[in-house]
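# Fold and geometry: a report
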Amino acid sequence: AKLGGRNAVCFFDPSMLADVRARADVEAGLWIALEQRQFVLHYQPQVAADGAVLGVEALVRWHHPVRGLVPPGEFIPLAEECGLILPLGRWVLEAACAQLAAWADDPWRSRLVIAVNVSARQFLHEDFVAGVVAALERSGADPGRLDLELTESSLVTDVDKVSEKMEALKALGVGFSLDDFGTGYSSLAYLKRLPLDQLKIDRSFVRDILVDPNDAAIARMIIVLADNLGLRVIAEGVECEEQRDFLARNGCSSYQGYLFSAPQPIDALEAFLDARRSR
Ligand code: C2E
Ligand code: CA
Ligand code: CA
Ligand code: CA
């Protein structure tokens, strides 16, 4: 707001209107995108210490007719705010399950797990379990091949309700990973009360693991914690061999990152998998 003159009281900044308009435009664009099937999944391999591919994480992109491929950081937060995350999250689950079903007849690809990111708002919605079950049933996908990546913000609300939902899906064989572990709430109490399978070391800790003793200590702490709780642990954002070796020396069992592969469209991913299979 400007001071003085006739504009002494100016509550309104025109650039704010531009912001609101831009957001409304993106929001409208997102709903159209869903209707016109402009979203696509890319897949990033998750590998064991020996390089064997264990599965892939599905990462959504918006194939915008003008802007090209838009990364999820530019629309997921808005989709969460405006509620679009519910139908979008549902679409992601359906597409991932359809991919699992398409791999089911292949002796090698059928052993892969697909990990799907689930927003807190999506997980906390009362229809979440029914939606996952419907996606599994409609596709015929093996629930044991589906892994759901939850964040701490999904888990810190009503622990009884949360574990009830997780148990219902676990009973079918669905796995659960805790994504971005260590970046959010600090309470660890829920860790032992929830039926998790895996902790994910966030890439913000992996990035400087070789140079920042604090990051190295946190990564080691997560690995020890997972071990003591009987959970698997996967490090994301692994970009070089030295990071992988440091993590391996400290007991990390699986890895994801550009060192192995960036997220890729399905055709490129399948070529990548085939090249690995013959080794
Ligand atoms: P995330 O779940 O932590 O996913 C990992 C992100 O790290 C991905 O970014 C991936 O492309 C990127 N990444 C992987 N390897 C490396 C590496 O070696 N170095 C670096 N610097 N980055 C690496 P992406 O695909 O842009 O996704 C960003 C975030 O968007 C995800 O973070 C996740 O929170 C969200 N997201 C993506 N797809 C979905 C979805 O289907 N549903 C929901 N709710 N969120 C999603
Ligand atoms: Ca994730
Ligand atoms: Ca499983
Ligand atoms: Ca992360």
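Residues numbered from 1 in each chain as written. Chains lettered and ligands numbered in written order. Predicted model: local features only at pLDDT ≥ 70, side-chain atom pairs only at ≥ 80, totals over all residues. Heavy atoms only, no water.

If you check an unreviewed UniProt entry, the protein appears there as Diguanylate cyclase/phosphodiesterase with PAS/PAC sensor(S) from Thauera aminoaromatica.

Scanning the protein for helices and strands turns up 12 helices and nine strands. Each principal axis of the C-alpha distribution contributes one length, and for the protein these read about 75 × 45 × 40 Å. The proportion of buried residues among the 279 residues of the protein is 46%. Sequence-distant contacts in the protein: of pairs separated by 6 or more residues, those separated by 24 or more amount to 65%. A total accessible area of about 14200 Å² is found for the protein, and carbon and sulfur atoms account for 53% of it. Charge-centre separation for the protein: the mean point of 28 positive side chains lies 1 Å from the mean point of 40 negative side chains. (Helix = DSSP H or I, 4+ residues; strand = E, 2+ residues; numbered from the N terminus. Buried < 20%, exposed > 50% of the residue type's maximum accessible area, 1.4 Å probe, protein only. Contact = heavy atoms within 4.5 Å. Areas by Shrake-Rupley, 256 points an atom, 1.4 Å probe, with all protein chains shown as cover. Lys, Arg positive; Asp, Glu negative; His and termini not counted. Charge placed at Lys NZ, Arg CZ, Asp CG, Glu CD.)

Within the first shell, the calcium ion (ligand 2) binds the protein through E57 (OE), N117 (OD1), E149 (OE) and D179 (OD), at distances of 2.2 to 2.3 Å. Every donor residue of the calcium ion (ligand 2) comes from the same chain, spaced as E-x59-N-x31-E-x29-D. For the pair the calcium ion (ligand 2) and the calcium ion (ligand 4), the metal-to-metal distance amounts to 5.5 Å. Taken together, the residues E149 in strand β5 (residues 146-151) and D179 in strand β6 (residues 175-181) connect sequence positions 30 residues apart. On the basis of relative accessible area, E149 is assigned to the buried category, the value being 1%. When its relative accessible area of 6% is taken as the criterion, D179 is described as buried. (Donors = N, O, S within 2.8 Å, 3.2 Å for Na, K, Ca; no water.)

Turning our attention to helix α11 (residues 241-249). Listed in full, the buried residues belonging to α11 are Q243, R244, F246 and L247. Axial view of α11: buried residues confined to an arc of 160°, hence all on one face. On its buried face, α11 sits against β7 (198-201), α9 (203-206), α10 (213-229), β8 (232-235) and β9 (254-255). (Arc of directions from axis to C-beta.)

Taken together, 21 residues lie around ligand 1, and R61, S119, R203, E239 and Y258 are the ones closest in. Interatomic distance of 2.9 Å between a side-chain N/O atom of Q44 and a nitrogen atom of ligand 1. Between D179 and ligand 1, the recorded distance is 3.1 Å, taken from a side-chain N or O atom to an oxygen atom. Considered on its own, ligand 1 offers 810 Å² of accessible surface; in the complex 83% of this is hidden by protein. Among the elements that line the shell around ligand 1, the one with the most residues is strand β2 (residues 53-64), at four residues. Of the residues in the shell around ligand 1, the class split is nine nonpolar, five polar and seven charged. (Near = heavy atom within 4 Å. Polar contact = N/O pair within 3.5 Å; in protein donor to acceptor, adjacent residues only side chain to side chain. Nonpolar A, V, L, I, M, F, W, Y, C, P; charged D, E, K, R; others polar.)

This part takes up helix α5 (residues 128-139). Taking 1.5 Å per residue, 12 residues should reach 16 Å; α5 reaches 17 Å between its end C-alpha atoms and fits that length. Taken as a whole, α5 has its buried residues at F128, V129, G131, V132, A134, A135 and L136. One or two residues past the end of α5 sits G140, with phi positive at roughly 80°. (Expected span 1.5 Å × (residues − 1).)

We now examine the environment of W103. Within the secondary structure, W103 sits in helix α3 (residues 85-103). For the pair W103 and A141, spaced 38 residues apart in sequence, the C-alpha to C-alpha distance is 9.1 Å. Not counting the four nearest positions on each side in its chain, W103 is found in contact with V56, R109, S110, L112, I114, I266, L269, E270 and L273.

Its location among the elements puts H64 in strand β2. Using a relative accessible area of 18% as the deciding quantity, one classes H64 as buried.

Here we come to the coordination of the calcium ion (ligand 4). Within the protein, the calcium ion (ligand 4) binds to D180 (OD), D202 (OD) and E236 (OE); these donor distances fall in the range 2.0 to 2.4 Å. For D180, a relative accessible area of 27% translates into the label partly exposed. E236 sits in the buried class, given a relative accessible area of 9%.

A few words on the state of the cysteines. Taken as a whole and judged by the stated rule, the model has zero disulfides. Just so you know, C240 is unpaired, no disulfide at all, and the nearest cysteine sulfur is the one on C252, 14 Å from it. Residue classification places C240 among the partly exposed positions, given a relative accessible area of 24%. (Disulfide = S-S within 2.5 Å.)

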